[in-house]
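Structure at a glance
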Amino acid sequence: MKKLVSMITAMTMAVSMASVTGVTAFAAETAQTTQRTIEVNGKGVITAKPDVASIYFTVETKEKTADQAQKKNTEITEKVTKAMKALGVRDENIITQYYSIDAEQVYDEQKNKWEEDGYRAYNRFLVKVNDVNNVGKYIDAATKAGVTNVGSISFSISDPNQYYKQALQAAVKNASSSAAALAEALGSTLGSCISVEEMSSYNSYERERAVNAKSMAFETAAVDMAAGAEDGANIRYEDIEITAGVIMTYAY
């Protein structure tokens, strides 16, 4: 009986030793295979000059009847369109944004009620031009043709993809430089890139400017465009920034 107990005890100890040896070996293997990594963010910024200007015009007319308001509005809009085409603007770059004909009302205090006060036709349209350095001449021509209001002007890039690729490459270089600096600070050398992820981009690729005081809210009967710069309204624009971002992981 004692001999049987001794055999069982010996077998139990052998199994326990094997288990401890196995755990030790696994721990050693894990320590050897664990890879040290550095995760960095990189950002690239490219600036480019806009090549498209979008000008927002409004023709607003008020007459006694809806037909009269619409007719007058159409006449003025056609004059503006003709003026734009004379400057080289194509049909597809003159785009209606909003059009409405609304009944006007005025409150009569003596009668204590609202009464009809004619109709107002409202036509807002967009004109796109590539001659971004001479936007003023389009504004001047439009106001002389009868535009009643000049809204904001936005400057944009027609093909931002070419610049975005450059920004993306700059972002990768920026991330690599940061990773190398971190590895050096840790007393090591930078290894290979393990993973790279492009960060979501929310770029607008355009800048909006309000027209200066001379060119905004034109009342054509009261504004003499000749009493100013000979080249038209002075409209300036800024370069547009195209940005890209990446998240990169390196071994070290």
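Here the structure is a predicted model, which is why all the values come from computation and not from measurement.

Glancing now at the environment of I76. For I76, the position within the fold is in helix α2 (residues 66-86). Of the residues examined, I76 reaches a relative accessible area of 16% and is grouped as buried. The contacts of I76, once residues within four sequence positions are left out, are V59, T61, A145, G146 and V147.

Taking 1.5 Å of rise per residue, the 25 residues of helix α4 (residues 161-185) would be expected to cover 36 Å, and the 36 Å separating its terminal C-alpha atoms lies within 8% of that figure. Within the sequence span of α4, burial applies to Y164, A167, A171, A175, A179 and A183. Buried positions along α4 lie against β1 (37-48), β6 (193-198) and β8 (240-251). Backbone geometry just downstream of α4 places G187 in the positive-phi region, at approximately 75 degrees.

Below, the discussion takes up the side chain of T143. Among the structural elements, T143 can be located in helix α3 (residues 135-145). Relative accessible area serves as the criterion here: at 5%, T143 is assigned to the buried category. Within the structure, the side chain of T143 is placed 2.8 Å from the backbone oxygen of D140, a separation counted as a polar contact.

Another point: the nonpolar core. Of all hydrophobic cores here, the largest spans 24 residues; its most connected members are I55, F57 and M84. Taken together, the elements giving at least two residues each to this core come down to β2 (52-63), α2, β4 (113-129), α3 and β5 (149-156). In terms of residue count, α3 provides more of this core than any other element does, five residues in total. Other than its neighbours up to four places away in sequence, M84 contacts F57, V89, I94, V127, Y138, A141 and A142.

What counts, and at which threshold
- Residues numbered from 1 in each chain as written.
- Predicted model: local features only at pLDDT ≥ 70, side-chain atom pairs only at ≥ 80, totals over all residues.
- Heavy atoms only, no water.
- Helix = DSSP H or I, 4+ residues; strand = E, 2+ residues; numbered from the N terminus.
- Buried < 20%, exposed > 50% of the residue type's maximum accessible area, 1.4 Å probe, protein only.
- Contact = heavy atoms within 4.5 Å.
- Expected span 1.5 Å × (residues − 1).
- Polar contact = N/O pair within 3.5 Å; in protein donor to acceptor, adjacent residues only side chain to side chain.
- Core = buried A, V, L, I, M, F, W, Y, C linked by side-chain atoms within 4.5 Å.

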